[in-house]
2 protein chains.
Amino acid sequence: MTSRRDAVHDTLRRSDGFRSAQDVYAQLRSDGAKIGLTTVYRALQALADGGLIDVLRTDDGESVYRACATDAHHHHLVCRRCGRTVEVAGPAVERWAEAVGAEHGFSEVTHTVEVFGTCADCATAKAG
Amino acid sequence: MTSRRDAVHDTLRRSDGFRSAQDVYAQLRSDGAKIGLTTVYRALQALADGGLIDVLRTDDGESVYRACATDAHHHHLVCRRCGRTVEVAGPAVERWAEAVGAEHGFSEVTHTVEVFGTCADCATAKAG
DNA sequence: ACCGATTTTGACAACCGTTTTCATTTTGCC
DNA sequence: GGCAAAATGAAAACGGTTGTCAAAATCGGT
């Protein structure tokens, strides 16, 4: 029943950044879990639908998932080198998006915001 | 040479919102153009690389393209019903992204921001 | 515990957008 | 014209994702 889904969820929780479905699948298998790729996809979808994990799309169209600390609305600051992710709240952005929408007569405004950068550690590693 | 690329570019310019590659291809064909899907993809990539058009990913992973009025950095306010797109500048967001990155020690900060909503016309159409 | 009904699972095939391959065509240049 | 380089496009390959469907696990009632 939920054991597989929990396994998927746990795997995500143990990860620092966003992981792809295939990634999670490989991890579970190497951990000795008996699970199929199909089930991993289904579990990830179910978790995402239930708001238990966050999804976003890579630049090359891959879906990546993450178990986030909060289920409140937030955005991500992702290191493009090591994938480390920081959850950030952005009241200013929320307000801006709302204002921009209203200004042009748009209603039911939603938005996607992701910030990418090189984290301090990776910057040091690169420089040193 | 560039004739096919120009045809692709023109097709985008004639469109109001973001169009998918296959979309552009279908349009060109129905316009009587003799062009292959491969070439459309290549043209779109070339145009995107050259900064002549903007690319973004749909929620279902499809790449969509748009000929934008300016090549300066800007974001989009897209009607989720009719696809109509307004280009918006967001100095506040730029600053916010930069600040958030700096706050967590991230450098070379970039960001993706897209705003979706229902435009006035579509809202009226729905209500009426 | 037994049995049937329902749900979950997963190997495999299908899908779909995209990319690659490669032979052909077109173009640029002399 | 003639040749090399670039562009083209049909078809095949690719990769992530989703659908199929039969087998296995689970649940409910008794």
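Higher on the page you've got the structure.
Predicted, not measured: the structure shown is a model, and the values here were computed from it. (Residues numbered from 1 in each chain as written. Chains lettered and ligands numbered in written order. Predicted model: local features only at pLDDT ≥ 70, side-chain atom pairs only at ≥ 80, totals over all residues. Heavy atoms only, no water.)

1. Let's talk about the sheet that holds strand β5 (residues 85-88) of chain A
In step 1: Strand order across the open sheet formed by six strands is β5(A)-β4(A)-β6(A)-β6(B)-β4(B)-β5(B), with mixed pairing between neighbours. The open sheet is flanked by β5 of chain A together with β5 (85-88) of chain B, the only strands paired with a single partner. Strand after strand, the sheet turns through a mean of 20° between neighbouring axes, direction not considered.
In step 2: Looking at chain direction, strand β4 (residues 75-79) of chain A and strand β6 (residues 107-118) of chain A are connected through four bridges and run parallel. The partner of His76 of chain A across the bridge, within β6 of chain A, is Glu114 of chain A.
In step 3: Helix-sheet contacts for helix α5 (residues 120-127) of chain A involve β4 and β6 of chain A together with β6 (107-118) of chain B, and the interaxial angle to β6 of chain A is about 35°.
In step 4: Along the sheet, helix α5 (residues 120-127) of chain B makes contact with β6 of chain A together with β4 (75-79) and β6 of chain B, crossing β6 of chain B at roughly 35°. (Pairing = 2+ DSSP bridges. Helix = DSSP H or I, 4+ residues; strand = E, 2+ residues; numbered from the N terminus. Axes fitted to C-alpha atoms, helices over the stretch in contact; angles between N-to-C directions. Contact = heavy atoms within 4.5 Å.)

2. What to know about the interface of chain B and chain A
In step 1: Taken together, the contact pairs 39 residues of chain B with 39 residues of chain A.
In step 2: Both faces considered, chain B and chain A share a buried interface measuring about 2,900 Å² in area, 62% of it formed by carbon and sulfur atoms.
In step 3: If you sort the residues of chain B by the area they bury against chain A, Arg57, Trp96 and Phe106 of chain B come out on top, with a joint share of 23%.
In step 4: The interface formed by chain B and chain A holds zero salt bridges in total.
In step 5: Taken together, the links from chain B to chain A amount to 16 residue pairs in polar contact (both at pLDDT 80 or more).
In step 6: For the side of chain B that touches chain A, the elements supplying multiple residues, two or more each, are β4, β5, α4 (91-103), β6 and α5 of chain B.
In step 7: No other element matches the twelve residues that β6 of chain B contributes to the side of chain B that touches chain A.
In step 8: The residue makeup of the side of chain B that touches chain A, split by class, is 19 nonpolar, twelve polar and eight charged. (Buried area = accessible area lost by both parts, 1.4 Å probe. Salt bridge = Lys/Arg side-chain N within 4 Å of Asp/Glu carboxyl O. Polar contact = N/O pair within 3.5 Å; in protein donor to acceptor, adjacent residues only side chain to side chain. Nonpolar A, V, L, I, M, F, W, Y, C, P; charged D, E, K, R; others polar.)

3. Considerations on helix α4 (residues 91-103) of chain A
Residues and elements named next belong to chain A.
In step 1: Between its first and last C-alpha, α4 extends 18 Å over 13 residues, near the 18 Å set by a 1.5 Å rise per residue.
In step 2: Turning to α4, its buried residues are Val93, Trp96, Ala97, Val100 and Gly101. Looking straight down α4, one finds its buried side chains confined to an arc of 130°; they lie on one side. Away from its buried face, by an angle of more than 90 degrees, α4 presents the exposed residues Arg95, Ala102 and Glu103.
In step 3: Where α4 ends, the next residue or the one after it, Gly105, has phi of about 80°, a positive value. (Expected span 1.5 Å × (residues − 1). Buried < 20%, exposed > 50% of the residue type's maximum accessible area, 1.4 Å probe, protein only. Arc of directions from axis to C-beta.)

4. Here's the deal with the nonpolar core
In step 1: Leu77, Trp96, Phe106 and Val115 of chain A together with Leu77, Trp96 and Phe106 of chain B are the most contacted members of the largest nonpolar core, which has 28 residues in total.
In step 2: Mapped by element, the contributors of at least two residues to this core are β4, β5, α4 and β6 of chain A together with β4, β5, α4 and β6 of chain B. (Core = buried A, V, L, I, M, F, W, Y, C linked by side-chain atoms within 4.5 Å.)

5. Re the side chain of His111 of chain A
In step 1: Along the polypeptide, His111 of chain A turns up in strand β6.
In step 2: A polar atom in the side chain of His111 of chain A sits 3.4 Å from the side chain of His75 of chain A.
In step 3: Among the polar contacts made by the side chain of His111 of chain A, one reaches the side chain of Glu94 of chain A at a distance of 2.9 Å.
In step 4: Filtering out sequence-adjacent residues up to four positions away, His111 of chain A remains in contact with His73, His75, Glu94 and Ala97 of chain A together with Glu114 and Val115 of chain B.

6. Here's the deal with the environment of Leu47 of chain A
Residues and elements named next belong to chain A.
In step 1: Among the secondary structure elements, Leu47 is positioned in helix α3 (residues 37-49).
In step 2: C-alpha separation for the pair Leu47 and Thr11, spaced 36 residues apart in sequence, amounts to 13 Å.
In step 3: Setting aside anything within four residues of it in sequence, one finds Leu47 in contact with Arg5, Val8, His9, Leu52 and Ile53.

Purely geometric stuff here, so don't read any function into it on its own.
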